[in-house]
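# Descriptive analysis of the structure
Single-letter residue listing:
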Amino acid sequence: MKKGALNFCLIFCLIFPRLVLGQNQDKLWIMGYGCCSPNFTGINLDFRSGSLLISSVTRHFNFMVTNGQIGDSSGNILFCSNGIYVSNAIDDTMLNGSGLNPGVGTTTHSQYGLLLPQANLVIPMPGDNTKYYLFHETSDDYNNTFATFYLYYSIIDMTLDGGLGGVIQKNTVLLSDTLVEGELTACKHANGRDWWLLAHKFESDTFYKYLVTPSGIQGPWIDEAGAWRTNYFGQTAFSSDGTKFVYFEAMNGLDIWDFDRCTGSLNNLIHIPFNDSIAAGGAAFSRSGRYLYVSAIYNLYQFDLLSPNIAASLDTIAIYDGFSSGGLPTVFYQLQLAPDDKIYINSSSSVMDYHVINFPDSAGLSCDIQQHSIHLPGYSKSLPNHPNYFLGPISGSACDSLTSDVPTISSSVQSFEVFPNPARNILYITQRSNELIKFTSIFNSIGQKQVLNYSSIKNGEYLEVNVSSLSQGIYFIELLTDKNSFVKVFVKE
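The rules we used
- Residues numbered from 1 in each chain as written.
- Predicted model: local features only at pLDDT ≥ 70, side-chain atom pairs only at ≥ 80, totals over all residues.
- Heavy atoms only, no water.
- Helix = DSSP H or I, 4+ residues; strand = E, 2+ residues; numbered from the N terminus.
- Buried < 20%, exposed > 50% of the residue type's maximum accessible area, 1.4 Å probe, protein only.
- Areas by Shrake-Rupley, 256 points an atom, 1.4 Å probe, with all protein chains shown as cover.
- pLDDT = per-residue confidence, 0-100.
- Contact = heavy atoms within 4.5 Å.
- Polar contact = N/O pair within 3.5 Å; in protein donor to acceptor, adjacent residues only side chain to side chain.
- Phe/Tyr/Trp six-rings, centres within 6.5 Å; stacked < 30°, edge-to-face > 60°.
- Salt bridge = Lys/Arg side-chain N within 4 Å of Asp/Glu carboxyl O.
- Pairing = 2+ DSSP bridges.
- Axes fitted to C-alpha atoms, helices over the stretch in contact; angles between N-to-C directions.

Quick look at the overall build of the protein chain now. Assigned secondary structure in the protein chain consists of 3 helices and 39 strands. Here the protein chain, with 493 residues, has 57% of them falling under the buried criterion. Counting every atom, the protein chain has about 19500 Å² of accessible surface; 50% of that belongs to carbon and sulfur.

What follows is the structure, encoded as structure tokens:
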């Protein structure tokens, strides 16, 4: 590797995640049903005290599987959605909150909520602490099987209806394609403010990636990597520090990538096939990110991501013990890392007993998986789909655009501007100081240098770059002057 490319990779690949503690958006989990009695009730899993408190609550709202929700800074629920409508904090339909997800699946499951794992995801709107994005999908009939034809988003404004909120934009089509049902997740950008959102195309190896910013939703960018995915229910997950991303369902196996929070690129794929005929499963990382857990209904597995051979580190830590709850099997399904650093596991049927991994950062059986040990006051089969809301910027990185931790970059960024951004055909670099640009290189998201035509215009005031040949995506401009070396980022649309 050439020295310039090596310096480029060092700038963008050295990461120092900073977690912001003491926030509570994910510390009250609500689930269960409000339709029937005696064992169908609203259920709260409350982590706000530091220990899990389980309670039964009177609630009209029903969660089948799809479960998007978020709390306020005190941990009180702001709103939630089961894929059919949006409910506010007082268990009522939010202003303009009905009529989500027009489609076959919504009509079929309108009473209890959608059956799709990770089909709802709530993300705070960057730059506006009163608004939220709800990304959502439903099922559509596709050649006698099911996929989803649209990735929608809706926008919730919490200043409306006396602070109970209202949906100000609904069912906006972000992506029209044949997509895997659910498996939506997101990770904070390296600047600690914006978000990367990932969705997967049906019957392909293609990820669609979006960047959610104060200026709106940018993308999609396409990443063709990993296994061919169809309509088997699985789970995607990011590690807490955002450096790892996984997609798992037992039929098509496990994919593990390194994730670049700056560029959104998926790198260094490890694919692990599974000799398991079960068409559903889940995945979650331990808090440190060292151990990965995946479930395949009757089996629960652990991988050590620090092992020199990750596939060989597979350890079966639990086999379904045959226990039934209300006559239904308490098998292993979806997994969710909780604020108490434990991993909670539901079942593929509505049951009254969940599983827990008490020490996920311990190897093998010392992780202490306890089957059906979390007794609920009613039936449930859902878990909230929470991303890591508290992941901070990568301090010291050129991608940490909201801080000034790199003096040589921050002092020069004010001297040069790159526009338009996003760019379609022509990109301009303007010079506003006595520093002279001596050399310019452009790299794609995986560090490959791009060969482009440059020309100086307006008596050297601008550098004009023809970017029409570039594919859509994020690119980095490395500028060398007679005083400094620094990097700028632009998007090719």
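Next up on the list: the confidence of the model for the protein chain. In low-pLDDT segments, the atomic positions of the prediction should not be examined closely. Overall, the predicted model of the protein chain reaches an average pLDDT of 87, with 89% of residues at or above 70. Note on residues 1-22: pLDDT under 50 across the span, and 38 contacts to partners over four residues away in sequence or across chains. Throughout residues 403-414 the model reports pLDDT below 50, and contacts reaching past four residues in sequence, or to other chains, amount to 16 contacts.

The next thing to look at is the side chain of Asn385. For Asn385, the location among the structural elements is in the loop between strand E30 (369-380) and strand E31 (391-394). Residue class for Asn385 comes out buried when judged on its relative accessible area of 7%. Engagement of the side chain of Asn385 in a polar contact is seen with the side chain of Gln118, the distance being 3.4 Å. Ignoring anything within four residues of it in the chain, the contact list for Asn385 reads Asn67, Gln118, Asn120, Leu121, Leu184 and Gln336.

With that settled, consider the side chain of Gln336. Note that Gln336 resides in strand E27 (residues 335-337). For Gln336, the side chain forms a polar contact with the main-chain oxygen of His386, separated by 3.5 Å. Every residue in contact with Gln336, bar those within four places of it in the chain, is listed here: Trp29, Ala284, Lys342, Ile343, Tyr344, Leu383, Pro384, Asn385 and His386.

Using the criterion set out here, one finds 26 aromatic pairs in the structure. When the ring of Tyr133 is compared with that of Phe135, the centres are 5.6 Å apart and the planes differ by 20 degrees; the resulting orientation is stacked. Under the relative-accessibility criterion, Tyr133 is labelled buried at 5%. Judged by its relative accessible area of 0%, Phe135 is buried.

Right, let's talk about the pattern of salt bridges for a bit. Across all of its chains, the model carries 11 salt bridges by this definition. The partner of Glu249 in a salt bridge is Arg229, with the nearest N and O atoms 3.0 Å apart. Taken as a pair, Glu249 in strand E18 (residues 244-249) and Arg229 in strand E16 (residues 216-229) lie far apart in primary sequence, 20 residues in all. Between Asp341 and Arg287 there is a salt bridge, with the nearest N and O atoms lying 2.7 Å from each other. On the criterion of sequence distance, the pair formed by Asp341 in the loop between E27 and strand E28 (343-345) and Arg287 in the loop between strand E21 (282-285) and strand E22 (291-295) is long-range, its members being 54 residues apart. Each member of the salt-bridge network shares a partner with another, and the members are Arg229, Glu249 and Asp255.

Here we take up the sheet that holds strand E15 (residues 204-213). A sheet is described by the order of its strands in space; here 4 strands give the open sequence E13-E14-E15-E16, paired in antiparallel fashion. Two strands close off the open sheet at either side, each with one partner strand: strand E13 (185-188) and E16. Recorded for the sheet is a direction-independent mean angle of 25 degrees between the axes of neighbouring strands.

We now examine unusual backbone geometry. Note that the residue after Gly219, namely Pro220, is joined by a cis bond; omega there is 10 degrees. Here Pro220 is to be found in strand E16. You will see that Glu183, though not glycine, has its phi angle at about 60 degrees, which is positive. Overall, Glu183 belongs to the buried group, its relative accessible area being 3%. The phi dihedral of His372 falls on the positive side, at around 40 degrees, and the residue is not glycine.

This part takes up the sheet that holds strand E5 (residues 68-71). Spatially, E5-E6-E7 is the arrangement adopted by the 3 strands of the open sheet, whose pairing is antiparallel. The strands lining the two open edges of the sheet, one partner per strand, are E5 and strand E7 (86-88). Strand-to-strand, the axes of this sheet are offset by a mean angle of 15 degrees, without reference to chain direction. Relative to E7, strand E6 (residues 77-81) is paired through 3 bridges, and the arrangement is antiparallel. Bridging from a neighbouring strand, Cys80 pairs with Ser87 of E7.

When you tally the buried positions in E15, you get 9 out of 10 residues, the bulk of the element. Across 6 bridges, the pairing between strand E14 (residues 195-200) and E15 is antiparallel. Following the sheet pairing, Leu198 is matched in E15 by Lys209. Hairpin connection between E14 and E15: a loop of 3 residues separates the two successive antiparallel strands, and Glu203 in this loop has a positive phi of roughly 55 degrees. Pairing of E15 with E16, which is carried by 8 bridges, proceeds in the antiparallel orientation. In the sheet register, Ser204 faces E16, and the bridge partner there is Arg229. Taking the residues between adjacent antiparallel strands as the criterion, E15 and E16 are bridged by 2 residues.

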